[in-house]
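Per-entry structural report
Listed below are the residues making up each chain.
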Amino acid sequence: MSKDLTVGKPSAVLWKFCLPLFGSVLFQQFYNLADSFVAGKFGDENALAAVGNGYEITLILIAFAFGCNIGGSVVAAKYFGAKEYGNVKTAVYSTLTASVVLCAFLMIGSFFSSRFLLRLIHTPEEIFSDSLLYLQIYLYGLPFVFLYNVSSGIFAGLGDSRTPFLFLACSSVANVGADIGFAFWVPNVVCAVAWATFLCQGVSCILSVTVLVAKLRKIPATGKTQFFSWRILKEIALIALPSILQQSFISVGNIVIQSIVNTFGPSVIAGYSAAIKLNNLVVTSLTTLGNGVSNFTAQNLGAEKPERVKQGFGAGIKLVWLLCAPLVVLYASAGKFLVGLFIDAPSETALQTGKMFLLTVSPFYFLVAAKLVADGVLRGAGKMVKFMIATFTDLILRIVLAELLATPFGAGGIWFAWPIGWAVATVLSLFFYRTICKKQNK
């Protein structure tokens, strides 16, 4: 059901809206966690390393889907808050159309460049063929990834965070079963988990798009709805393109870091692959909560209620810090055990690699959480230049420091690039948020 985020106590409204988003992203991460878990348990360290290695390249493609999600979501939320329901429908249809076209170009380009990209990041020869296999099967399901992300973003823009959560919860649980089942039947475990993910992503995509179209038909709108609008597409692009650039550069940065990690051999790659999946579970969850703040901000600015935005920011900070606390304790105290869950008969090098990564970065989740909530306000308010400055600062610092620290300190030195980059970027994001608040007060 659509929800008006412009009425009611801001903290209660935001928490009720964001918690299903948090649940959704947890289940979405289970797709990749399940792939890594089954690859490590039913295969070996090389299978886990291959899945993790291929996954880093897929993050570039996910960045484009994420940008379409945010662009369509924020614009739809703005018009929904202003009760311009005809423009809401046009924004949705324009986003879906543009996403399909963009996805087609990305699929073609990625098929031709996949070998080059894997060579570019120094993929070891012993995991190259499996990394390529995982990547190419993933590309077959890219339309599912795009359309699901766009539809779930539109649901959120309309204030409905519950529907996509239910779809994703069911398909994620099914993916775990499919991964295990395919691993028994398909000789190559990397191939098995890739096709299982393809199947379950397809189911969640078809369900979410079908329900979204049905929901749009029930929303009243005066006059004939315009199926596509260049004007509204431009509004979407102004939000989507910076978000795509942000996520793409982050993904490119992760690939550069992956290429540095790859020079330390398969055992280090396997430990890093397990740990980075656990780290991404937290950061992606916090990012999704920041997206919820973006929808809240966009609806309230569309309804000309800017005073609620500051209250929503405070509520968002409390929410993300409450969620960070148990995860920081878990990762810092049980990192070696968690990494071991992903690998059958792991080497001590793999376990120590994953443990040290989690021990180094997890205490700083509170910092990056505050940054992502502030970024949510910046995106919802359309302040994309400020948003990109803070994000690119984090990325550039991480890449440079990873390269510099790897030589004197080995693989362990790479992990310190995360907290340093997060700390500087958090200061910038909070500063930009404060400038917005001062302008609203004036």
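See the structure printed just above.
Predicted model, so just to flag it, every value in this text is computed and none were measured.

This brings us to unusual backbone geometry. Even without a glycine there, the phi angle at lysine 83 is positive, about 60°. Within the fold, lysine 83 resides in the loop between α2 (45-81) and α3 (85-120). On the accessibility criterion, lysine 83 (47% relative accessible area) is partly exposed.

Structurally, the position occupied by serine 333 is in helix α10 (residues 307-340). Residues serine 333 and lysine 355, 22 residues apart in the sequence, show an inter-C-alpha distance of 9.1 Å. Polar side-chain contacts of serine 333 include one of 2.6 Å to the backbone oxygen of valine 329.

Attention now moves to helix α13 (residues 384-409). Between the first and last C-alpha of α13 there are 36 Å, a value that for 26 residues agrees with the 38 Å anticipated at 1.5 Å per step. Remark: glycine 410 follows α13 within two positions and exhibits a positive phi of approximately 75°.

This part is about the pattern of salt bridges. Scanning all chains against the criterion turns up seven salt bridges. Of the charged contacts in the structure, one is a salt bridge between lysine 78 and glutamate 235, with a shortest N-O distance of 2.7 Å. Here the residue lysine 78 occupies a position in helix α2, and glutamate 235 occupies one in helix α8 (residues 230-262), the gap between them amounting to 157 residues. For lysine 371, the salt bridge is made with aspartate 375, and the minimal N-O distance between the two is 2.4 Å.

Here we come to a nonpolar patch on the surface. Residues Phe42, Val176, Ile180, Phe184 and Trp185 make up a contiguous nonpolar surface patch of roughly 560 Å² in combined accessible area. Among the elements that make up the nonpolar patch, the one with the highest residue count is helix α6 (residues 162-185) (four residues). Topologically, isoleucine 180 is positioned in helix α6. Overall, isoleucine 180 belongs to the partly exposed group, its relative accessible area being 31%.

Each value, and the rule that gives it
Residues numbered from 1 in each chain as written. Predicted model: local features only at pLDDT ≥ 70, side-chain atom pairs only at ≥ 80, totals over all residues. Heavy atoms only, no water. Helix = DSSP H or I, 4+ residues; strand = E, 2+ residues; numbered from the N terminus. Buried < 20%, exposed > 50% of the residue type's maximum accessible area, 1.4 Å probe, protein only. Polar contact = N/O pair within 3.5 Å; in protein donor to acceptor, adjacent residues only side chain to side chain. Expected span 1.5 Å × (residues − 1). Salt bridge = Lys/Arg side-chain N within 4 Å of Asp/Glu carboxyl O. Patch = residues over 30% accessible without salt bridge, like charges linked within 9 Å, V, L, I, M, F, W, Y side chains within 5 Å. Areas by Shrake-Rupley, 256 points an atom, 1.4 Å probe, with all protein chains shown as cover.

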